[in-house]
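One letter stands for each residue in the lines below.
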Amino acid sequence: MQTLELKDPAAFGNEFLRLTLLQGFQSLTKRDLELLIFVLLERDGAIGRDESNAAVALKLRVTPAKVKALRRDGYARWRALVPEENDAALRRIVATVLTEANLRSGAKHVSERSRKEGFLAVRIEHPDDAQRFEQAILDVGALPVYERNREVVAVRFDTLLKIAEKWGYLQPDAEKITRELKKLAPTAEEVADLLKKDVTKLRWEDARNALNSLGAKAISSTAEGGLKGLLKIVFPFIPG
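Presented here is a report on the structure given in the accompanying data block. (Residues numbered from 1 in each chain as written. Predicted model: local features only at pLDDT ≥ 70, side-chain atom pairs only at ≥ 80, totals over all residues. Heavy atoms only, no water.)

### Description of the sheet that holds strand 1 (residues 119–123)
One key point about sheets: their strands pair by backbone hydrogen bonds, in either a parallel or an antiparallel sense.
Thinking step 1. Read from one edge to the other, the open sheet built from three strands follows the order 1-3-2, with strand pairing classed as antiparallel. Every other strand in the sheet has two partners, leaving strand 1 and strand 2 (145–146) as the edge strands with one partner each.
Thinking step 2. Pairing of strand 2 with strand 3 (residues 152–156), which is carried by two bridges, proceeds in the antiparallel orientation. Among the inter-strand pairings, Tyr-146 is bridged to a residue of strand 3, identified as Val-153. (Pairing = 2+ DSSP bridges. Helix = DSSP H or I, 4+ residues; strand = E, 2+ residues; numbered from the N terminus.)

Here is the structure:
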(Lines give C-alpha, C1' and ligand atoms only; values in the text may rest on other atoms or scores of the structure.)
Protein backbone atom coordinates (compact mmCIF):
# COMPACT_ATOMS: atom_id res chain seq x y z
CA MET A 1 0.00 0.00 0.00
CA GLN A 2 1.29 3.46 -0.88
CA THR A 3 1.94 5.69 2.13
CA LEU A 4 1.24 9.38 2.50
CA GLU A 5 3.99 11.46 4.06
CA LEU A 6 4.02 15.23 4.57
CA LYS A 7 7.04 17.10 3.27
CA ASP A 8 6.61 19.93 5.77
CA PRO A 9 4.41 18.73 8.68
CA ALA A 10 4.88 21.93 10.71
CA ALA A 11 3.74 24.21 7.87
CA PHE A 12 0.79 21.92 7.15
CA GLY A 13 -0.31 21.92 10.79
CA ASN A 14 0.15 25.66 11.26
CA GLU A 15 -1.86 26.50 8.12
CA PHE A 16 -4.62 24.07 9.03
CA LEU A 17 -4.90 25.54 12.53
CA ARG A 18 -4.78 29.11 11.26
CA LEU A 19 -7.58 28.57 8.75
CA THR A 20 -9.85 26.59 11.03
CA LEU A 21 -9.57 29.23 13.77
CA LEU A 22 -9.91 32.07 11.27
CA GLN A 23 -13.28 30.70 10.18
CA GLY A 24 -14.34 30.24 13.80
CA PHE A 25 -13.82 27.05 15.79
CA GLN A 26 -16.23 24.31 14.65
CA SER A 27 -17.77 26.65 12.07
CA LEU A 28 -16.39 24.64 9.15
CA THR A 29 -18.52 21.75 7.97
CA LYS A 30 -17.16 18.22 7.66
CA ARG A 31 -17.00 18.70 3.89
CA ASP A 32 -15.13 22.01 4.26
CA LEU A 33 -12.56 20.27 6.45
CA GLU A 34 -12.15 17.40 3.99
CA LEU A 35 -11.55 19.81 1.13
CA LEU A 36 -9.17 21.94 3.20
CA ILE A 37 -7.09 18.92 4.20
CA PHE A 38 -6.93 17.71 0.61
CA VAL A 39 -5.86 21.05 -0.84
CA LEU A 40 -3.22 21.43 1.87
CA LEU A 41 -1.93 17.94 1.04
CA GLU A 42 -1.50 18.96 -2.59
CA ARG A 43 0.07 22.25 -1.60
CA ASP A 44 2.53 20.41 0.62
CA GLY A 45 3.45 18.03 -2.19
CA ALA A 46 2.45 14.90 -0.29
CA ILE A 47 0.02 14.51 -3.17
CA GLY A 48 1.36 15.61 -6.55
CA ARG A 49 -0.85 17.66 -8.84
CA ASP A 50 0.42 15.57 -11.73
CA GLU A 51 -0.46 12.28 -10.03
CA SER A 52 -3.37 10.38 -11.53
CA ASN A 53 -6.66 10.13 -9.69
CA ALA A 54 -6.07 6.38 -9.38
CA ALA A 55 -2.63 6.86 -7.80
CA VAL A 56 -3.96 9.40 -5.29
CA ALA A 57 -6.93 7.13 -4.54
CA LEU A 58 -4.53 4.37 -3.47
CA LYS A 59 -2.80 6.74 -1.06
CA LEU A 60 -6.07 7.96 0.47
CA ARG A 61 -7.86 4.60 0.29
CA VAL A 62 -10.82 6.04 -1.57
CA THR A 63 -12.12 5.70 -5.13
CA PRO A 64 -10.71 7.65 -8.11
CA ALA A 65 -14.13 9.28 -8.47
CA LYS A 66 -13.83 10.56 -4.90
CA VAL A 67 -10.38 12.04 -5.66
CA LYS A 68 -11.75 13.78 -8.75
CA ALA A 69 -14.53 15.33 -6.66
CA LEU A 70 -12.05 16.40 -3.96
CA ARG A 71 -9.87 18.09 -6.56
CA ARG A 72 -12.79 19.82 -8.25
CA ASP A 73 -14.57 21.00 -5.10
CA GLY A 74 -11.38 21.61 -3.12
CA TYR A 75 -10.05 24.20 -5.54
CA ALA A 76 -13.47 25.78 -5.93
CA ARG A 77 -13.59 26.26 -2.14
CA TRP A 78 -9.93 26.91 -1.25
CA ARG A 79 -8.35 28.16 -4.49
CA ALA A 80 -6.71 31.12 -2.70
CA LEU A 81 -4.48 28.71 -0.77
CA VAL A 82 -2.62 27.71 -3.92
CA PRO A 83 -1.77 30.98 -5.72
CA GLU A 84 -0.05 30.50 -9.06
CA GLU A 85 0.58 32.97 -11.88
CA ASN A 86 -1.16 32.03 -15.13
CA ASP A 87 2.11 31.81 -17.04
CA ALA A 88 3.70 29.48 -14.50
CA ALA A 89 0.55 27.38 -14.32
CA LEU A 90 0.29 26.98 -18.08
CA ARG A 91 3.96 26.04 -18.37
CA ARG A 92 3.54 23.41 -15.68
CA ILE A 93 0.37 22.00 -17.21
CA VAL A 94 1.76 21.87 -20.76
CA ALA A 95 5.00 20.24 -19.59
CA THR A 96 2.96 17.61 -17.75
CA VAL A 97 0.33 16.77 -20.36
CA LEU A 98 2.37 16.92 -23.59
CA THR A 99 4.52 13.92 -22.74
CA GLU A 100 4.62 10.89 -25.00
CA ALA A 101 3.14 8.64 -22.31
CA ASN A 102 0.23 10.98 -21.60
CA LEU A 103 -0.50 11.61 -25.28
CA ARG A 104 -0.42 7.86 -25.94
CA SER A 105 -2.91 7.35 -23.12
CA GLY A 106 -5.17 10.14 -24.36
CA ALA A 107 -5.14 8.86 -27.93
CA LYS A 108 -7.21 5.86 -26.84
CA HIS A 109 -10.13 8.20 -26.16
CA VAL A 110 -10.45 10.00 -29.51
CA SER A 111 -11.52 8.67 -32.87
CA GLU A 112 -9.16 7.88 -35.71
CA ARG A 113 -11.01 10.48 -37.76
CA SER A 114 -10.13 13.20 -35.22
CA ARG A 115 -6.45 12.21 -35.32
CA LYS A 116 -6.46 12.31 -39.11
CA GLU A 117 -7.91 15.80 -38.91
CA GLY A 118 -4.93 16.90 -36.80
CA PHE A 119 -6.52 16.72 -33.35
CA LEU A 120 -4.18 15.80 -30.53
CA ALA A 121 -5.70 14.04 -27.51
CA VAL A 122 -4.59 15.72 -24.30
CA ARG A 123 -5.46 13.98 -21.05
CA ILE A 124 -5.76 16.18 -17.95
CA GLU A 125 -7.14 14.48 -14.84
CA HIS A 126 -6.85 17.42 -12.43
CA PRO A 127 -10.04 19.52 -12.84
CA ASP A 128 -8.30 22.78 -11.92
CA ASP A 129 -5.57 22.22 -14.51
CA ALA A 130 -8.15 21.16 -17.08
CA GLN A 131 -10.04 24.41 -16.54
CA ARG A 132 -6.89 26.48 -17.04
CA PHE A 133 -5.96 24.61 -20.21
CA GLU A 134 -9.47 24.95 -21.62
CA GLN A 135 -9.36 28.69 -20.93
CA ALA A 136 -6.06 28.93 -22.84
CA ILE A 137 -7.79 27.27 -25.79
CA LEU A 138 -10.72 29.68 -25.57
CA ASP A 139 -8.37 32.67 -25.27
CA VAL A 140 -6.97 32.00 -28.77
CA GLY A 141 -10.42 31.71 -30.33
CA ALA A 142 -10.66 27.92 -30.43
CA LEU A 143 -13.01 25.51 -28.66
CA PRO A 144 -12.20 22.48 -26.49
CA VAL A 145 -13.49 19.28 -28.11
CA TYR A 146 -14.49 16.19 -26.13
CA GLU A 147 -15.30 12.74 -27.38
CA ARG A 148 -15.32 9.59 -25.24
CA ASN A 149 -13.84 10.89 -22.00
CA ARG A 150 -14.32 14.28 -20.34
CA GLU A 151 -10.75 14.09 -19.01
CA VAL A 152 -9.44 14.07 -22.58
CA VAL A 153 -9.64 17.22 -24.70
CA ALA A 154 -8.95 17.08 -28.43
CA VAL A 155 -6.98 20.12 -29.59
CA ARG A 156 -5.66 20.91 -33.04
CA PHE A 157 -1.91 21.38 -33.48
CA ASP A 158 -2.59 24.85 -34.88
CA THR A 159 -4.36 25.77 -31.63
CA LEU A 160 -1.26 24.75 -29.68
CA LEU A 161 0.75 27.02 -31.97
CA LYS A 162 -1.57 29.92 -31.21
CA ILE A 163 -1.30 29.29 -27.46
CA ALA A 164 2.50 29.17 -27.70
CA GLU A 165 2.57 32.41 -29.69
CA LYS A 166 0.14 34.20 -27.37
CA TRP A 167 2.18 33.34 -24.27
CA GLY A 168 5.52 34.06 -25.89
CA TYR A 169 6.80 30.48 -25.87
CA LEU A 170 7.19 30.38 -29.65
CA GLN A 171 9.13 33.39 -30.94
CA PRO A 172 8.32 34.54 -34.52
CA ASP A 173 11.82 33.85 -35.89
CA ALA A 174 11.46 32.28 -39.33
CA GLU A 175 15.16 31.54 -39.78
CA LYS A 176 15.50 29.83 -36.41
CA ILE A 177 12.39 27.69 -36.92
CA THR A 178 13.60 26.70 -40.38
CA ARG A 179 16.92 25.52 -38.91
CA GLU A 180 15.09 23.52 -36.26
CA LEU A 181 12.79 21.91 -38.82
CA LYS A 182 15.76 21.09 -41.05
CA LYS A 183 17.39 19.18 -38.18
CA LEU A 184 14.14 17.45 -37.28
CA ALA A 185 12.69 16.57 -40.70
CA PRO A 186 15.26 17.33 -43.42
CA THR A 187 13.43 15.30 -46.08
CA ALA A 188 9.98 16.78 -45.49
CA GLU A 189 8.44 18.55 -48.47
CA GLU A 190 7.48 21.55 -46.32
CA VAL A 191 11.08 21.98 -45.15
CA ALA A 192 12.45 21.60 -48.66
CA ASP A 193 10.15 24.41 -49.82
CA LEU A 194 11.40 26.67 -47.03
CA LEU A 195 15.04 25.97 -47.86
CA LYS A 196 14.49 27.03 -51.46
CA LYS A 197 13.80 30.56 -50.28
CA ASP A 198 16.42 33.22 -49.67
CA VAL A 199 17.17 33.16 -45.94
CA THR A 200 16.85 36.93 -45.76
CA LYS A 201 13.38 36.74 -47.29
CA LEU A 202 11.94 34.01 -45.12
CA ARG A 203 8.58 35.03 -43.67
CA TRP A 204 7.33 33.93 -40.28
CA GLU A 205 4.03 32.88 -41.84
CA ASP A 206 5.84 30.46 -44.16
CA ALA A 207 7.79 28.88 -41.28
CA ARG A 208 4.67 28.72 -39.15
CA ASN A 209 2.65 27.03 -41.91
CA ALA A 210 5.39 24.45 -42.40
CA LEU A 211 5.52 23.76 -38.67
CA ASN A 212 1.74 23.40 -38.50
CA SER A 213 1.61 21.11 -41.54
CA LEU A 214 4.29 18.82 -40.12
CA GLY A 215 2.50 18.75 -36.77
CA ALA A 216 -0.80 17.74 -38.34
CA LYS A 217 0.94 14.99 -40.34
CA ALA A 218 2.74 13.69 -37.25
CA ILE A 219 -0.56 13.46 -35.36
CA SER A 220 -2.41 11.71 -38.18
CA SER A 221 0.41 9.20 -38.65
CA THR A 222 0.84 8.70 -34.87
CA ALA A 223 4.57 9.28 -35.36
CA GLU A 224 5.35 9.94 -31.71
CA GLY A 225 9.05 10.62 -32.14
CA GLY A 226 8.50 13.30 -34.77
CA LEU A 227 5.61 14.80 -32.86
CA LYS A 228 7.71 15.08 -29.70
CA GLY A 229 10.38 17.04 -31.59
CA LEU A 230 7.79 19.41 -33.06
CA LEU A 231 6.15 19.99 -29.68
CA LYS A 232 9.58 20.75 -28.24
CA ILE A 233 10.00 23.50 -30.86
CA VAL A 234 6.61 24.98 -29.97
CA PHE A 235 7.08 24.66 -26.21
CA PRO A 236 10.85 24.71 -25.53
CA PHE A 237 10.36 23.99 -21.82
CA ILE A 238 8.90 20.50 -22.40
CA PRO A 239 11.31 18.00 -20.75
CA GLY A 240 13.49 15.72 -22.85
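### Side note on the packing of aromatic side chains
What describes a pair of aromatic rings is the distance from one ring centre to the other and the angle between the planes of the rings.
Thinking step 1. Evaluated as defined, the whole model comprises three aromatic pairs.
Thinking step 2. An angle of 55 degrees between the planes, with centres 6.0 Å apart, marks the rings of Tyr-169 and Phe-235 as tilted. Taken together, the residues Tyr-169 in the loop between helix 9 (157–166) and helix 10 (174–184) and Phe-235 in the segment after helix 13 (224–234) connect sequence positions 66 residues apart. Per residue, the accessibility class of Tyr-169 equals that of Phe-235, and both read buried.
Thinking step 3. Put simply, the rings of Tyr-169, Phe-235 and Phe-237 pair up and form one aromatic cluster.
Thinking step 4. Stacked on the ring of Tyr-146, the Lys or Arg Arg-150 has its end atom at 3.8 Å from the ring centre.
Thinking step 5. One cation-aromatic arrangement involves Arg-156 over Phe-119; the distance from NZ or CZ to the ring centre is 5.7 Å. (Phe/Tyr/Trp six-rings, centres within 6.5 Å; stacked < 30°, edge-to-face > 60°. Buried < 20%, exposed > 50% of the residue type's maximum accessible area, 1.4 Å probe, protein only. Lys NZ or Arg CZ within 6 Å of the ring centre and 35° of its normal.)

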